[in-house]
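# Coordinates in review
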Amino acid sequence: MSTFITIHSLQVHALFSAKHLTVQQHAVIGVVGKNGAGKSTLLQLITGDLQPTAGIIDRKLAPNRMHLVHQDLVSFTEQAPANNDFKTWTSWYTSGDFHSLSGGERLKNRLGAAFTSHTDLLLLDEPTNHLDEKSVDLLISTIHTTKPTLVIASHDRYFLDAVATEIWAIADGIITVYAGNYSAYEQQLALQKKTQQKLFEQQQKEQRKVKEQMQKLTNWSASAHAQSTKQEFPKEYYRSKAKQMDKQRKSVEKRLAAKLEKTGVTNSTDDDTVHFVLQADAVKSGTLFELKNTAKHFGEKTLLHPTNGSIPFGTKLAITGANGSGKSTLLNMLLQQVSYDGEIWSSSFANIGYLSQDVFDLPLEKTVKTYFDLQTEDVGPFITMLVQLGFLPEHYTMQLAQLSMGERIKIKLLKLIVEQKNVLILDEPTNHLDLAARQELETVLQHYNGTLIFVSHDRYFRKKIATMTWQLHEGILSESQFISTVDKTNNDLLLLSLQKDQLLSELSFEPFGSDKYWALDAQFKTVLATIKSIEK
């Protein structure tokens, strides 16, 4: 088996170091770490696009034998290859202007170009961002079938579990290699932390023992000096003896202090935790958006056939569909950012915050400080929020262009936190986010008391957040799915009110008199009766 890349004594200023790394032929290496740890930088070091501060990177491959797929690009001009021997590529490729394609279509075009480049080493930076579930599964199948050599930076646990043969973890400025997939890495890491915690506790016990010995010596010396002043004759003898005891004490203390310095095991902590809070005005009742015979055409393609429906205040609506089905376009229709046929009515009480999936739509020439333009009294609390999101205080004066893709998404989320919107429209909010930030975002959105409308291909994320779903397939927007069931023992009027609004929205999609209509009507009456019984 050939060795393609060998790395010795690598150092990258302010990011990470590594003693020894190798990329073997047919290996599938997953690179993991929190946002800003340097994952994308490591891929560019391997290709030679960036140079390290120190160390040796021995490449057995010429530059044209390596292909890097970046997280996101402003433009992409490479077209489909003349040969069509790669079935996945031909099924994925979407012609047309790069900027008119969806995020998933753009990424699939670039992934297809990489897999048909006939290079020896592929480096993929967040390759599952933007991809729908079917495309992720197809990518996994392609990797298993073609057995390429891959280095993949990713936060996608499911994907890395399916393809990775080893994990390079960047943590605390050090790259550590773990054998196996992501789950194997987590198990090894948990064992390491458990061992470290045990050693730390032993160290603390030893340190307490040493400090007790040092205190006894101090007391012993002080007692000797006190006794020397009480002696009648000869005082110099006792003073000399006390000084000798001082020397002995200092000598022993020096040895004990050296022993303390040798015990350098730190406590096992999770330094990747982040924390933030989304606040909104009290939940409004009634309708937020109403679609009346709404349709959307893009050239000859119909993205949305004439549709009627409504979104109540307080809803947490997930919009699902394949890549290119029109999910982001539907969000932009709600925001009145694109034209459409028919009507979309929106409530005047809506104070909307929007998170796009584009990481280039920030004013990249600005610093974090000038982008937020805060009053002096607000700077301190803001920097505290930055740190809670995993940033360092010095990021406050850093240019947005210098931030990683995940850090840019966090900045966008921070903007929504500061503005306190009562309606959030989020387009792929977990793209680029590290695991800790994803988990915190899940918790925050679960407790968010405003209205949430979001697009996400993350099945786990949707399951935890959504109270209803709309599915867009071949221009047809299906009825919302009633997820929560009525719990008659739960006297939560707010939850029941939201369920009532969800059912009303679902009924609006169904033809009057159909079997589905009467089933939903029965559920609606059950919820309504429960509300009335509680209010009595």
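Residues numbered from 1 in each chain as written. Predicted model: local features only at pLDDT ≥ 70, side-chain atom pairs only at ≥ 80, totals over all residues. Heavy atoms only, no water.

### What about helix H11 (residues 405-419)?
Here H11 spans 22 Å end to end across 15 residues, near enough to the 21 Å set by a 1.5 Å rise per residue. All of the buried residues along H11 are Met405, Gly406, Glu407, Arg408, Ile409, Lys410, Ile411, Lys412, Leu413, Leu414, Leu416 and Ile417. Along its buried surface, H11 packs onto strand S14 (352-355), helix H9 (368-372), helix H10 (376-388), strand S15 (423-427) and helix H12 (435-447). (Helix = DSSP H or I, 4+ residues; strand = E, 2+ residues; numbered from the N terminus. Expected span 1.5 Å × (residues − 1). Buried < 20%, exposed > 50% of the residue type's maximum accessible area, 1.4 Å probe, protein only. Contact = heavy atoms within 4.5 Å.)

### Brief notes about empty space enclosed by the protein
This structure, assessed with the given rule, holds two cavities of 30 Å³ or more. As for the second largest cavity, its lining consists of Lys296, Leu303, Leu304, Ser325, Gly326, Thr329, Leu330, Met333 and Leu472. For the lining of the second largest cavity, the secondary structure elements donating two or more residues are strand S11 (301-312) and helix H8 (327-334). It is H8 that contributes the most residues to the lining of the second largest cavity, three residues altogether. (1 Å grid on protein atoms, 1.4 Å probe; cavity = no way out; pocket = protein on both sides within 12 Å on 5 of 7 lines; lining within 4 Å. Points joined across faces, edges and corners; volume = space filled by probe spheres on them.)

### Regarding the environment of Ile46
Residue position: Ile46 is located in helix H1 (residues 39-47). Once the C-alpha coordinates of Ile46 and Leu123 are considered, the two residues, 77 residues apart in sequence, prove to be 8.8 Å apart. Contacts of Ile46, omitting those with residues within four sequence positions, involve Ile5, Ile7, Arg59, Met66, Leu121, Leu123, Val151 and Trp168.

### As for the packing of aromatic side chains
In this structure the tally under the stated criterion is six aromatic pairs. Ring plane angle 70° and centroid distance 5.1 Å describe the contact between Tyr178 and Tyr185, whose orientation is recorded as edge-to-face. Like Tyr185, Tyr178 is buried. Taken together through their ring pairs, the aromatic side chains of Tyr371, Phe372, Phe382 and Tyr396 make up a single cluster. Stacked on the ring of Phe372, the Lys or Arg Lys415 has its end atom at 5.0 Å from the ring centre. (Phe/Tyr/Trp six-rings, centres within 6.5 Å; stacked < 30°, edge-to-face > 60°. Lys NZ or Arg CZ within 6 Å of the ring centre and 35° of its normal.)

### What to know about the sheet that holds S11
Sheets are built from strands that pair by backbone hydrogen bonding, the pairs being arranged parallel or antiparallel. Spatial ordering of the open sheet is given by S11-S10-S13, a layout of three strands whose pairing is antiparallel. At either end of the open sheet lies a strand with only one pairing partner, and these are S11 and strand S13 (341-346). Across the sheet, the axes of successive neighbouring strands diverge by a mean angle of 15°, strand direction being ignored. Bridge count for strand S10 (residues 287-298) against S13 is five bridges, and the pairing is antiparallel. When the sheet's bridge partners are listed, Ala295 is paired in S13 with Asp341. (Pairing = 2+ DSSP bridges. Axes fitted to C-alpha atoms, helices over the stretch in contact; angles between N-to-C directions.)

### Quick look at the pattern of salt bridges
Scanning the model with the defined rule gives eight salt bridges in all. Measuring nitrogen to oxygen at the nearest pair gives 2.7 Å for the salt bridge that ties Lys412 to Asp361. Placement of Lys412 in helix H11 and of Asp361 in the loop between S14 and H9 is noted, with a sequence separation of 51 residues between them. The partly exposed category is assigned to Asp361, whose relative accessible area is 40%. (Salt bridge = Lys/Arg side-chain N within 4 Å of Asp/Glu carboxyl O.)

Remember, this is a structural readout, not a statement about activity or role.
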